[in-house]
Structures are given as C-alpha cells and as structure tokens.
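Now for the letters of each chain:
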Amino acid sequence: MRRDESSLEQLRLGEDIDAAQLRRAWRNVVQVLLPRIPLSSRRYLEAITPAGIEGECVRLRLDSAFGRNWIQQRYLRDLQALLSQQLGFAVVVELVGEDAAPEPTPAPTPIASPAITAPPLPRPEFNPQLTFETFVVGKSNRLAHAAALAVAQGANARYNPLFIYSPPGLGKTHLLHAIGQAYLQRIPSARVMYASGEEFVRGYVQAMRQQKADEFRERYRCVQLWLVDDVQFIAGKERTQEEFFHIFNMLYGAGRQLVITSDKAPRNLLGVEERLRTRFEMGLCADIAPPDLETRIAILLNKAERDGVQLPLEVAEFIADKIQSNVRVLEGVLTRLVAQSSITGEPMSLPLAAQVLQAYLVNATPPATPSLEQVVRMVCDELGVPQDELVGNSRRGEVVQARQIAAFLAREATGEPWTRIAEALGRHDHTTVLHAYKQIERRMRTDTRLRERVHRLRQR
C-alpha cells in the first residue's frame, strides 16, 4: 500500500521534528528552484542534502567544493529566501562539505524548558576608508597583506587561523577591516563577527552578570568569519580565555575562518594559556614590521591623494624621515599639517612641517638650503664624475646623465633661477638646463633605478 510522504517522514527513527520539517522544506525548495538551473548544472542542486538546523542557521551538505562555490555564487540568496518561506522564519544558509561535517543535531528540549535562541548578529561597522585598495604594500607588510587578501578571497584552508602581529599603528586593524569588507562584497549574506579583545572581554563579563553565558556562545555558532583585533586583552582573564577557547574550537572545527591580531607573536603573549597560544600558531603567523622610508613616503602621498591634497615630495620625505615607527602617527602628522596650512593659509613647506612635528615631540629642523656649488660637488662625488667634465663639454653618457641630475637637484634643492643654475653647470643657455630638468623628471616616472639614485642624492 502506498504511503504519503508525511507518514514516511514520521517513520524515520531518531529524527526530531526540526529535521523532518527541514527535509520537507528542502524538497519543496528543490522543486521550485530546479527549473531555473541549466540542465548541465542541476546535479549540484540534486546532490545537496539538508544537514541540520540550529536557531536560524540551516546547514546544507554538498561534498563537491566546486559545486558549493557554484551554488553559493549564483543561488545562495534564492535558497535563503525559499527556505525562509517554507520554514516560516528567516534563516541563514551555510553550505558545508566533507571537510566541515555538521555537528549532530541536539535532542529536542522539553516543553517546560524552552531552547536557547541566539540573538541576531549585528552587521559589523567597518571603516570604508580601510580597504585593500588604500593599504600601501611594502617589504615590511607584504606577507600579511598577501595572506589577508587570500583569506578575503576564500583561501581559508591554507591560512586558518591567520594570526597577524605587530607593534601598534602599523596596519593590523586596517587589514582586518579590509578582509571584512572584501569578504562581504564576495558573500553579501555572510555572517561576520568583528570585535576587539577588549570588547570580547566586556561582552562576556556582561553575559555572566546577566546569567546569559549560553546565549553569548550561541551568537557565534553560525559565524562564518571571526575577526578578533588585539587579542592580547584577554591575557590574565582565566574564565574569558576558557570561553574564547571553546568558541575558537567550535568555529575552527566547523571549518570557519578566523583572523586574529595582536601586538606580539603568540609565543610572547604572557598571561595567555598555552593551549590558546598553540592554536593561534596552527595556521599562518604573519608579522608587520615598521615600514621602510620609501613605504612611509608612499603612505603619505597615498593619503594626501585620497584627501585631495597636493603634498610636495620633499615635505613627504621630510616627515617620513622623522616619523619612522608608527603609520598612525605618520598619517596624523599629515592631517595636522593640512589643517594648519588650511587655517593659516601657509603653503605646505618644510618649515611648516617642522613646526607641526614639534607637537609630536619631534625635534625637527628643516635642512639648510645648499648652494649650487655644493649640489654640483655632491653629485660628482656620488656618481664618480670629474667636476671639470660635468661643467665642461664632455658628451660621455655617464657625464650627460650626471649633468642632467645636477640640473634637476639644483632646481629642487635651491630654487635658484635657471640662468644661475646654467652658469653653475657651465652652460651658456638656460634652456639647456631646463630641458635637462624635464628629461630627469619624465624618466623618473618609469625608471626605478634612476628614481632611487635621485632620491638618495636628494636625501644627502
């Protein structure tokens, strides 16, 4: 005798009501969605099986990694909308595979004791200025940047957890905000949790006081990307570390991505339990060192461009030379310089930059203006060109280039008129040195070696 579907579902032993409801809902969703999918790709939808439901999180299993990615990119929103309609409440869909098997569905809670429901997860408030596009990459942060970008693009298997550490003000928070925003652009419906270590401690203490510790943990159960800034704040707090440990294990075991930052490497985190420190080191640990001079200059010029400000190169070099260890302070000096220039009407010059740096307890004296004779002598010494050849009529290639560089630096460093510069270089026509200046200025845009050589001479 033929039995109807509902009676067949009731005959499945060991299955709770939620699982049966989910199975019925999924069958209806497939019937609606299947006609919308090309025939060649329907096998991915048909291979999905409902794996479980907890709170508002529905897990669907599909072992094909390619299939999961294909469904996620094209039909995740449809799946969520249709399942929400079938189940009668809003749900978040999570696709899992063989490497991220679902946790067993808990036994049904007695009617007298209602099940704990996870409170809604607020959408993180990321700073729109802190993106990968605005992050200046240099030798000091290349590994951390590459790993962060890979995580944002979904390479979680290789870099999980990703642990980024550095002294304050070198870009850890910038990378966290960049990861979060890029991840949400790729998967708009993703559940992302972003908090500092201090906020985690405060939230857990409050939950303990209100006897809602279970609710606190439940909030994390469906998180797909957990971003923790300055984890060192949990040091010395035993019960908080215990909770952090359980949440870490829960998410890591479910294949979720974790990104953690700290001011020290895991092994140097005093007051943090060994079991946590070893877990921090399971994935990739990437440090960010203080940026070199060229990177600091690029950071200043990048920020000035974003703010619509024309920052003279020599001023950027001067500030970058004085502020060497903290990107946040570096950008703060520029902000103050721009404000000072705007209020007083003074141009952004070396003396004004020196004045601004005094507020940061930096004893900065702008370099004295060299004479034309000093410029010519220094170029000859640095490039190994006899001075009599440089100011003479030699047409040797290295002498011509040295003469052009001297013309460029003489104008940049002294501001003397072209006629005086021509006289110092032994030229009779000032248009010759003007042409030399433009030649070097143009070539520096594409010739990295020349740009570095001129920069080194300018620093001297």
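Structure's up top.
Residues numbered from 1 in each chain as written. Predicted model: local features only at pLDDT ≥ 70, side-chain atom pairs only at ≥ 80, totals over all residues. Heavy atoms only, no water.

1. Observations concerning the sheet that holds strand 3 (residues 92-96)
- Spatially, the three strands line up as an open sheet ordered 1-2-3, and their pairing is mixed. Either end of the sheet is taken by a strand with one partner, and the two such strands are strand 1 (49-54) and strand 3. Across this sheet, the average inter-strand angle for adjacent strands is 25 degrees, counted without regard to direction.
- Across five bridges, the pairing between strand 1 and strand 2 (residues 57-61) is antiparallel. By the bridge assignment for strand 2, Gly52 is matched with Arg59. (Pairing = 2+ DSSP bridges. Helix = DSSP H or I, 4+ residues; strand = E, 2+ residues; numbered from the N terminus. Axes fitted to C-alpha atoms, helices over the stretch in contact; angles between N-to-C directions.)

2. Considerations on helix 17 (residues 397-414)
- Spanning 18 residues, helix 17 covers 26 Å between terminal C-alpha atoms, matching the ideal 26 Å at 1.5 Å per step.
- Of all 18 residues in helix 17, 13 are buried; the element is thus mostly enclosed.
- Two residues or fewer past helix 17, Gly415 is found with a positive phi of approximately 70 degrees. (Expected span 1.5 Å × (residues − 1). Buried < 20%, exposed > 50% of the residue type's maximum accessible area, 1.4 Å probe, protein only.)

3. Description of the packing of helix 11 (residues 293-306) against helix 13 (residues 327-344)
- Across the interface, helix 11 lies against helix 13 with an axial gap of 10 Å and an inter-helix angle of 45 degrees. The pairing of helix 11 with helix 13 is recorded here as oblique in orientation. Seen along the crossing, helix 11 lies across helix 13 with a hand that is right-handed. Contacts from Arg296, Ile299, Leu300, Lys303, Ala304 and Arg306 of helix 11 reach helix 13 at Val327, Leu330, Glu331, Leu334 and Thr335.
- When grouped by side-chain class, the residues that make up the contact of helix 11 with helix 13 number six nonpolar, one polar and four charged. (Parallel < 35°, antiparallel > 145°, perpendicular 65-115°, else oblique. Left-handed = near helix turned anticlockwise from the far one by under 90°. Contact = heavy atoms within 4.5 Å. Nonpolar A, V, L, I, M, F, W, Y, C, P; charged D, E, K, R; others polar.)

4. Structural notes on the packing of aromatic side chains
- Applying the stated criterion across every chain, the model contains 16 aromatic pairs.
- Centroid distance Phe163 to Tyr165: 6.4 Å. Interplanar angle 45 degrees. Geometry classified as tilted.
- Relative accessible area serves as the criterion here: at 1%, Phe163 is assigned to the buried category.
- On the numbers, 5.4 Å between centres and 70 degrees between planes, the contact of Phe200 with Phe216 is edge-to-face. In this pair, Phe200 sits in helix 7 (residues 197-209) while Phe216 sits in helix 8 (residues 213-218), placing the two residues 16 residues apart along the sequence.
- Residue classification places Phe200 among the buried residues on the basis of a relative accessible area of 3%.
- Put simply, the rings of Phe163, Tyr165, Phe200, Tyr204, Phe216, Tyr220, Trp226, Phe244, Phe248, Tyr252 and Phe280 touch in pairs and so form one group of aromatic residues.
- A cation over a ring is seen here: Arg186 above Tyr183, with NZ or CZ 5.0 Å from the ring centre. (Phe/Tyr/Trp six-rings, centres within 6.5 Å; stacked < 30°, edge-to-face > 60°. Lys NZ or Arg CZ within 6 Å of the ring centre and 35° of its normal.)

5. Quick notes on the pattern of salt bridges
- Summed over the entire model, instances satisfying the criterion amount to ten salt bridges.
- With a shortest N-O distance of 3.2 Å, Lys303 and Asp307 are connected by a salt bridge.
- A salt bridge links Arg396 to Glu398, with the nearest nitrogen and oxygen atoms 2.1 Å apart.
- The class of Arg396 is partly exposed, set by a relative accessible area of 36%.
- By relative accessible area, Glu398 is classed as partly exposed at 45%. (Salt bridge = Lys/Arg side-chain N within 4 Å of Asp/Glu carboxyl O.)

6. Brief notes about the sheet that holds strand 5 (residues 192-196)
- Taken in spatial order, the five strands line up as 5-6-7-4-8 in an open sheet, and their pairing is parallel. Of all strands in the sheet, those bounded by a partner on one side alone are strand 5 and strand 8 (284-287). Adjacent strand axes in the sheet meet at a mean angle of 10 degrees when their direction is disregarded.
- Helix 9 (residues 238-253) rests against strand 6 (225-229) and strand 7 (257-262) of the sheet, and its axis sits at about 145 degrees to strand 6.

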